[in-house]
Amino acid sequence: DSGVTQTPKHLITATGQRVTLRCSPRSGDLSVYWYQQSLDQGLQFLIQYYNGEERAKGNILERFSAQQFPDLHSELNLSSLELGDSALYFCASSVLADHYNEQFFGPGTRLTVL
Amino acid sequence: AQSVAQPEDQVNVAEGNPLTVKCTYSVSGNPYLFWYVQYPNRGLQFLLKYITGDNLVKGSYGFEAEFNKSQTSFHLKKPSALVSDSALYFCAVRDGNTDKLIFGTGTRLQVFP
């Protein structure tokens, strides 16, 4: 158990809908990262927050947004969902935002868009 | 741009034999390299990292990795494979400008009894 929790574990929804994925980082970790894992794209970085502020953006669609709250938990919002958004979404956390510390991953949220 | 390549989609090895999962990297500047393992329906688990120092890095579950600067490689190794090592292994490099991890395509390790 990495100490990173994600809810829900599974999510099934329809095209055009909006969902929110939640992540609680390990205790004491200030940096939160979101990744998407799909068969065709592999593991792709979406976005990073550090102590409540957006720090880096990756291949994140405009339909997607995220935030990190004062208690350091983070939410990833996906809207106007398309079939191609079906994927495993991982949250990871690390103590600091630097090159040296490893990231610890949560169990993921499997999103299925029908 | 930073990148890693895992040239093998799958590696098959008999239990008790040594295993190697290959990874090569391309970076500008110092490489910060990581190995993760993913078991079915689970998240990624950190195995080990190379930041600086000794070229042989020891990690969790008996795994180690050898950093080779001249060959730009960071191969994952284990002296004696277990059936329970069967999983998907990812090599990753830290992006030079951000903290994000850039992952390889993954190598599926199958250890046969």
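Predicted, not measured: the structure shown is a model, and the values here were computed from it.

Enquirer: Mind showing me how you'd approach the interface of chain A and chain B here?
Expert: With 20 residues of chain A at the contact, the number on the chain B side is 19 residues. Viewed at the interface, chain B and chain A are joined by 2 salt bridges. A salt bridge links Asp 99 of chain B to Arg 55 of chain A; its shortest N-O distance comes to 3.1 Å. There are 8 residue pairs in polar contact (both at pLDDT 80 or more) connecting chain A and chain B. For the side of chain A that touches chain B, the secondary-structure elements that each account for two or more residues are β4 (31–38), β5 (42–50), β6 (53–57) and β9 (87–94) of chain A. Grouping the constituent residues of the side of chain A that touches chain B by class yields 11 nonpolar, 6 polar and 3 charged.

Enquirer: Which parts of the structure should I look at to understand the state of the cysteines?
Expert: Such a bond, covalent and formed between the sulfur atoms of two cysteines, is termed a disulfide. Residues and elements named next belong to chain B. Within the structure shown, the criterion is met by 2 disulfides over all chains. Covalently, Cys 23 is tied to Cys 91 through a disulfide, its sulfur atoms 2.0 Å apart. The disulfide joining Cys 23 to Cys 91 has a torsion of about -60° about its S-S bond and is therefore left-handed. Pair noted here: Cys 23 is in the loop between β3 (19–21) and β4 (24–26) and Cys 91 is in strand β10 (residues 87–94), with a separation of 68 residues, a long-range link. For Cys 23, a relative accessible area of 0% puts it in the buried group. In this structure Cys 91 comes out as buried when scored by relative accessible area, which is 0%.

Enquirer: Would you explain unusual backbone geometry in this entry?
Expert: Leave glycine aside and you will find that most residues have negative phi; peptide bonds, for their part, are mostly trans. Residues and elements named next belong to chain A. In the segment running from Thr 7 into Pro 8, the intervening peptide bond is cis, with an omega of -10°. Within the secondary structure layout, Pro 8 lies in the loop between β1 (5–7) and β2 (10–13). The backbone of Leu 72 sits at a positive phi, close to 80°, despite the residue not being glycine. Looking at the secondary structure, you find Leu 72 in the loop between β7 (64–68) and β8 (74–78). On the basis of relative accessible area, Leu 72 is assigned to the buried category, the value being 17%.

Enquirer: How do you make sense of the sheet that holds β1 of chain A when you look at a structure like this?
Expert: Two strands in a sheet stick together by hydrogen bonds in their backbones, pointing the same way (parallel) or opposite ways (antiparallel). Residues and elements named next belong to chain A. If you walk across this open sheet you meet the 4 strands as β1-β3-β8-β7, and the pairing is antiparallel. The strands lining the two open edges of the sheet, one partner per strand, are β1 and β7. Shown here is a sheet whose adjacent strand axes are inclined to one another by a mean of 15°, direction ignored. Pairing analysis gives 3 bridges linking β1 to strand β3 (residues 19–24), with the strands arranged antiparallel. Note on β3: the bridge partner recorded for Gln 6 is Cys 23.

Enquirer: Just to check I follow, could you spell out the packing of aromatic side chains for this structure?
Expert: Aromatic ring pairs are described here by two measures, namely the spacing of the ring centres and the angle between the planes. Scanning the entire structure with this criterion turns up 15 aromatic pairs over all chains. Ring geometry for Tyr 36 of chain B against Phe 46 of chain B: centres 5.9 Å apart, planes inclined by 70°, an arrangement best described as edge-to-face. Here Tyr 36 of chain B, found in strand β5 (residues 33–38), pairs with Phe 46 of chain B, found in strand β6 (residues 44–50); they are 10 residues apart in sequence, far enough to count as distant. Phe 46 of chain B carries the same exposure label as Tyr 36 of chain B, and that label is buried. Measuring from ring centre to ring centre gives 4.0 Å for Tyr 50 of chain B and Phe 67 of chain B, while their planes differ by 15°; the resulting arrangement is stacked. Of this pair, Tyr 50 of chain B sits in strand β6 while Phe 67 of chain B sits in strand β8 (residues 64–68), placing them 17 residues apart in sequence. Phe 67 of chain B carries the same exposure label as Tyr 50 of chain B, and that label is buried. The structure contains a cluster of three or more aromatic residues connected by ring pairs, namely Tyr 35, Phe 45, Phe 90, Phe 104 and Phe 105 of chain A together with Tyr 36, Phe 46, Phe 90 and Phe 103 of chain B. Its end group placed over the ring of Phe 104 of chain A, Arg 26 of chain A keeps NZ or CZ at 3.8 Å from the ring centre. In this arrangement the basic side chain of Arg 55 of chain A is found over the ring face of Tyr 50 of chain A, its NZ or CZ atom lying 5.8 Å from the centre.

Quick notes on the rules
- Residues numbered from 1 in each chain as written.
- Chains lettered and ligands numbered in written order.
- Predicted model: local features only at pLDDT ≥ 70, side-chain atom pairs only at ≥ 80, totals over all residues.
- Heavy atoms only, no water.
- Contact = heavy atoms within 4.5 Å.
- Salt bridge = Lys/Arg side-chain N within 4 Å of Asp/Glu carboxyl O.
- Polar contact = N/O pair within 3.5 Å; in protein donor to acceptor, adjacent residues only side chain to side chain.
- Helix = DSSP H or I, 4+ residues; strand = E, 2+ residues; numbered from the N terminus.
- Nonpolar A, V, L, I, M, F, W, Y, C, P; charged D, E, K, R; others polar.
- Disulfide = S-S within 2.5 Å.
- Buried < 20%, exposed > 50% of the residue type's maximum accessible area, 1.4 Å probe, protein only.
- Pairing = 2+ DSSP bridges.
- Axes fitted to C-alpha atoms, helices over the stretch in contact; angles between N-to-C directions.
- Phe/Tyr/Trp six-rings, centres within 6.5 Å; stacked < 30°, edge-to-face > 60°.
- Lys NZ or Arg CZ within 6 Å of the ring centre and 35° of its normal.

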